Amino acid sequence: MPENQRIDFRDQISRNKTKSVFLMVIVFAVLVVLGYVISYVFEPGYFFIIMIFAVIFSISYLLISYYNCDKIALMSVGAQEIKREGKYKQYYDLAEGLTLASGLPMPKLYIMKSEQINAFASGRNPKKSVVCVTEGALEKLDKKELEGVLAHELGHVGNYDIRYMTLVAVMVGMISIISQIFLRSLWFKSGGNSRDNKGSAIFMLIGVILAVLAPIVVYLVQLAISRKREFSADATAVKFTRYPPGLIGALKKIKQGNQPDKKINRAVAPLFFANPFTELGSTHPSIDRRIEVLEKM
Amino acid sequence: MIILWIALGLAALIIFVVFSYFNRFAVLGNRIDNSLSQIDVQLKRRADLIPNLIETVKGFAKHEKEAIKAVTDARKALIGAKGVEEKVKADKGLESALKTIFALAENYPNLKANENFLELQRELATTEDKISYARQYYNDSILSYNNLCKTFPGVFFAGIFGKKPREYLHIAEAERKPVKVEF
């Protein structure tokens, strides 16, 4: 498989690790700057207290989301863990076979309620990884197709995409919530007039811009990550299964039958195998393009 | 003084490079050994499923002594086999003996519909998949090891550490194709 060998996965792993650190630094900086702006807009008198609070909050935020990002992602979709025996035996066996093919540790397996054919992987490293598929995927995909999807997810696990992508989803998802709260309280405050109107108006403006920009910037970051990663995860999947038609079949079924699922949280959308929503500005490369690349392998 | 520092720096660099290559060989070598034991684990699981299958088949199709004996013998050969290559070959023998049994089952509707039999059939197919995956990973591991052994500067260190390229598991192409059941 010369196509696959050309991609140096060790490079990608270290790049993902560096990017994760970089992301955490940026998130920290954004949070502290947000704290700074908030303190100026509301109470310049409590500047130091608010800043200390902002720093402590940011650090604990980073630590909590780093160690719990997979749980937060799983919780946001209401996933349930499955066991070896019982209804989901085939799912478990396929995943186990793929861990043999890839030499990766066995991830914890989850299912989530959704009619869509979809799946995602998460976790901070391969040893602590989780894989989750929708009930729709288990119902609608045949064995080889499901195997292709699982191999794709294990590709994300092996490449350390899971760490970076989950961190982006969780940390950034939170930023958008925080700035939303900030924006809303500003609307309430703007009703009353205060003494130094000019100064606070400028900061209010900055606050608004920041609050509006934060999710957009992050959304752009999300766009930048997913596109290339999906292709390399597809390539890794083929390296594991040596059977592109499985993955192609799954992609074709998704293209034909997936309806947008509004219940899935927008922040975790880039984690998924296929975009859970179908509108423009999607977080994933087009399915046609992916099929095209796979057919050339 | 400067020369001393340069010499020290060079020595440190050389030690670092030697260590990292030594570890690289060790890690990749361990990966091969580990994937080998994974093949073993799956082969053993496969062998363990057979007696159960034989019992079930005997319950419904006593007269097929020949086919049953073929499977029992193939299992014995698998358990007795030494070395991976031999084991994998024995597993191939078992696979073809099983093919006969599953083909025969078509003549016994009760056997074919038996829950236990179906479960065993599924389980045997699953272990077969896992064996081929484990084998694939074994060969992949050997590929990375051999790449390290044969490319510069790895080839230089391979000479120093006395590491030699390892042999792939050779399985004929025809055998890798999905098994066709004939009647």
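Computed from a prediction, not measured in an experiment: that's the story for all the values here.

1. Re the overall build of chain A
Logical step 1: A count of helices and strands for chain A gives ten helices and four strands.
Logical step 2: Traced from its N-terminal end to its C-terminal end, chain A shows the element sequence α-α-α-β-α-β-β-β-α-α-α-α-α-α.
Logical step 3: Counting every position in chain A, which comprises 297 residues, the buried fraction comes to 52%.
Logical step 4: In chain A, once contacts between residues fewer than 6 apart in sequence are set aside, the share between residues at least 24 apart is 72%.
Logical step 5: If you sum the accessible surface of chain A, you get close to 14700 Å²; carbon and sulfur atoms cover 64% of it.

2. Details of the packing of aromatic side chains
Logical step 1: For the structure shown, the criterion picks out eleven aromatic pairs over all chains.
Logical step 2: Ring centres of Phe22(B) and Phe161(B) lie 5.1 Å apart, and the angle between their planes is 85°; this geometry places the pair in the edge-to-face category. Taken as a pair, Phe22(B) in helix H1 (residues 2–60) and Phe161(B) in helix H6 (residues 154–161) lie far apart in primary sequence, 139 residues in all.
Logical step 3: When the centroid spacing of 5.3 Å and the interplanar angle of 75° are considered together, the rings of Phe156(B) and Phe157(B) count as edge-to-face.
Logical step 4: Overall, the relative accessible area of 7% leaves Phe157(B) in the buried class.
Logical step 5: One cation-aromatic arrangement involves Lys17(A) over Tyr160(A); the distance from NZ or CZ to the ring centre is 4.6 Å.
Logical step 6: Above the face of the Phe273(A) ring, Arg290(A) is positioned so that its terminal group lies 4.9 Å from the ring centre.

3. Describing empty space enclosed by the protein
With a probe scaled to a water molecule rolled over the atoms, the places where space remains empty come into view.
Logical step 1: Overall, the coordinates contain two cavities of 30 Å³ or more when judged by the stated rule.
Logical step 2: Size it by volume and the largest cavity reaches roughly 40 Å³.
Logical step 3: Around the largest cavity sit Val57(B), Ala61(B), Glu64(B), Ile101(B), Leu104(B), Ala105(B), Tyr108(B) and Leu111(B), which together line it.
Logical step 4: For the lining of the largest cavity, the per-class residue count stands at seven nonpolar, no polar and one charged.
Logical step 5: Empty space within the second largest cavity amounts to approximately 30 Å³.
Logical step 6: Taken together, Ala121(A), Glu153(A), His156(A), Ile162(A), Met165(A) and Leu271(A) form the lining of the second largest cavity.
Logical step 7: Here the lining of the second largest cavity is composed, by residue class, of four nonpolar, one polar and one charged.

Parameters at a glance
Residues numbered from 1 in each chain as written. Chains lettered and ligands numbered in written order. Predicted model: local features only at pLDDT ≥ 70, side-chain atom pairs only at ≥ 80, totals over all residues. Heavy atoms only, no water. Helix = DSSP H or I, 4+ residues; strand = E, 2+ residues; numbered from the N terminus. Buried < 20%, exposed > 50% of the residue type's maximum accessible area, 1.4 Å probe, protein only. Contact = heavy atoms within 4.5 Å. Areas by Shrake-Rupley, 256 points an atom, 1.4 Å probe, with all protein chains shown as cover. Phe/Tyr/Trp six-rings, centres within 6.5 Å; stacked < 30°, edge-to-face > 60°. Lys NZ or Arg CZ within 6 Å of the ring centre and 35° of its normal. 1 Å grid on protein atoms, 1.4 Å probe; cavity = no way out; pocket = protein on both sides within 12 Å on 5 of 7 lines; lining within 4 Å. Points joined across faces, edges and corners; volume = space filled by probe spheres on them. Nonpolar A, V, L, I, M, F, W, Y, C, P; charged D, E, K, R; others polar.

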